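Now for the letters of each chain:
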Amino acid sequence: MPYKNRKSTYVYFVLIFVFIKVVLNLFAISHFGFHRDEFLHLVLADHLDWGYKEVPPFIAILAKISVTCFGNSVFAARLFPTLFGGLIVLLTGLIVIEFGGKKFAITLACLSLIFAPAFAASDYLFQPVVFDQFWWVLTVWLLVKYLNTTDVRYLYWLGAAVGFGVLTKYTMLFFAASLVIGILISKQRKLLFNKHILGAAFITIVIVLPNLIWQITHHMPVFTHMKTLREQQLDYITPTDFIKQQLLVNGVALFVWLNGLAFLIFSFRLRNFQFLALAYALIFFFY
């Protein structure tokens, strides 16, 4: 079978796991009441602006669409998280395909993601986490697609993904910085010395600019929020505790994750994507 036909077959195969993820969520989301954080983000629908003290505006726009189109029920509020959770599974499968993985690798990656406690806990609540995860995974897929195809359109879409990621949660800035540093210290550093990267960066800036202006005109409330968070909550979590939590919340998927990380670092076949492993290590440093 020609390579392109095999890839198409694998994409259809990934859709099986997207279906499983969405169906599981649809059965589960009504059996848990609202989390207190969901009330905070849903009420932003009544106060649309270019920014808020602790979050950018993307979650408020989704809240407005959700409440207007689907109503105020628990089920309605969790439709968008379910959709984006399914898209994350889709992108995970697509990344595996770009890495050269076949049906077994796709199955292992998608099922590990679907049943990982951390992902199952974060992708049914209406809060920025699952949408933030979506932009991270989309960014990786676009970057991998560009490296495999050298089609510069993926770089411009990448710029848009980073921009919307920042409008979703400011942690995208840490992820983007980790990717850049990871690329700089890898053999793929030439990727950054490309005029199209400047075009992608320009798109990111244009998308983020309204929120940046809002933050500046409101005296950067995000810094006040982070200072308060650090003093009242984060001071009680040591770096060691944080790393332990990140390892434990993956459950059985931890073994898949560790093997995947090792392959990214040491596999000759995946040497072009080694920067992803470096970027992941840097994320721990930034956090």
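Bear in mind that the values here come from a model prediction, so they are computed numbers and not experimental data. (Residues numbered from 1 in each chain as written. Predicted model: local features only at pLDDT ≥ 70, side-chain atom pairs only at ≥ 80, totals over all residues. Heavy atoms only, no water.)

**Details of the overall build of the protein chain**
A tally of helices and strands in the protein chain yields 15 helices and 0 strands. Relative to its full complement of 287 residues, the protein chain shows a buried share of 44%. Pairs at least 24 apart in sequence give 75% of the contacts found in the protein chain among residues at least 6 apart. (Helix = DSSP H or I, 4+ residues; strand = E, 2+ residues; numbered from the N terminus. Buried < 20%, exposed > 50% of the residue type's maximum accessible area, 1.4 Å probe, protein only. Contact = heavy atoms within 4.5 Å.)

**Things to note about the environment of M220**
Positionally, M220 belongs in the loop between α11 (195–217) and α12 (221–232). On the basis of relative accessibility, which here comes to 23%, the residue M220 falls in the partly exposed class. Placed 167 residues apart in sequence, M220 and K53 show a C-alpha to C-alpha distance of 8.2 Å.

**A few points about the layout of surface pockets**
There is about 420 Å³ of room inside the second largest pocket. Together, 22 residues line the second largest pocket, and V162, A176, V180, A201 and T204 are the ones closest to its centre. Those elements that provide at least two residues to the lining of the second largest pocket are α8 (128–149), α9 (153–166), α10 (171–184) and α11. Of the residues belonging to the lining of the second largest pocket, the class tally is 19 nonpolar, 3 polar and no charged. (1 Å grid on protein atoms, 1.4 Å probe; cavity = no way out; pocket = protein on both sides within 12 Å on 5 of 7 lines; lining within 4 Å. Points joined across faces, edges and corners; volume = space filled by probe spheres on them. Nonpolar A, V, L, I, M, F, W, Y, C, P; charged D, E, K, R; others polar.)

**A few points about the confidence of the model for the protein chain**
Within the protein chain, residue pLDDT values average 88, and 89% of them lie at 70 or more. No element of the protein chain has a lower mean pLDDT than helix α13 (residues 239–248), which averages 65, and none a higher one than α9, which averages 97. (pLDDT = per-residue confidence, 0-100.)

**Focus: α11**
Here α11 spans 32 Å end to end across 23 residues, near enough to the 33 Å set by a 1.5 Å rise per residue. Roughly 45 degrees is the biggest bend found in α11, and it falls at L209, with proline P210 one to four residues downstream. Among the residues of α11, the N-terminal cap falls to N194, whose side-chain oxygen and the backbone nitrogen of H196 are separated by 2.8 Å. Count one or two residues on from α11 and you reach H219, which has phi positive near 65 degrees. (Expected span 1.5 Å × (residues − 1). Bend = angle between axes of the 7 residues up to and from the residue. Polar contact = N/O pair within 3.5 Å; in protein donor to acceptor, adjacent residues only side chain to side chain.)

**Here we look at α9**
For an α-helix, 3.6 residues make a turn, and residues three or four places apart therefore share a direction. Look at α9: 20 Å from first C-alpha to last across 14 residues, which is about the 20 Å you get at 1.5 Å a residue. A large share of α9 lies buried, amounting to 10 of its 14 residues. For α9, every residue scored as buried is listed here: Y154, L155, L158, G159, A160, A161, V162, G163, G165 and V166. Where α9 is buried, its residues touch α8, α10 and α11.

**Some points on the packing of helix α3 (residues 58–70) against helix α5 (residues 79–98)**
Relative orientation of the contacting elements α3 and α5 amounts to 120 degrees, with a least axis distance of 10 Å. Looking at the two axes, α3 sits oblique to α5. Of the residues in α5, those in contact with F58, L62, I65, S66 and F70 of α3 are L79, F80 and F84. (Axes fitted to C-alpha atoms, helices over the stretch in contact; angles between N-to-C directions. Parallel < 35°, antiparallel > 145°, perpendicular 65-115°, else oblique.)

**Focus: the packing of aromatic side chains**
Under the defined criterion, the tally for this structure stands at 15 aromatic pairs. Ring plane angle 80 degrees and centroid distance 5.9 Å describe the contact between F58 and W135, whose orientation is recorded as edge-to-face. One end of the pair, F58, is in helix α3; the other, W135, is in helix α8, with 77 residues separating them in the sequence. Note on F58: relative accessible area 14%, which makes it buried. By relative accessible area, W135 is classed as buried at 10%. Note on W141 and Y154: the rings are 6.1 Å apart at their centroids and 85 degrees apart in plane angle, and the pair reads as edge-to-face. In this pair, W141 sits in helix α8 while Y154 sits in helix α9, placing the two residues 13 residues apart along the sequence. On the accessibility criterion, W141 (17% relative accessible area) is buried. Ring pairing ties together the aromatic residues F58, F84, F126, F131, F134, W135 and F164, which thus form one cluster. Sitting over the ring of F13, K103 keeps its end group 5.4 Å from the ring centre. (Phe/Tyr/Trp six-rings, centres within 6.5 Å; stacked < 30°, edge-to-face > 60°. Lys NZ or Arg CZ within 6 Å of the ring centre and 35° of its normal.)

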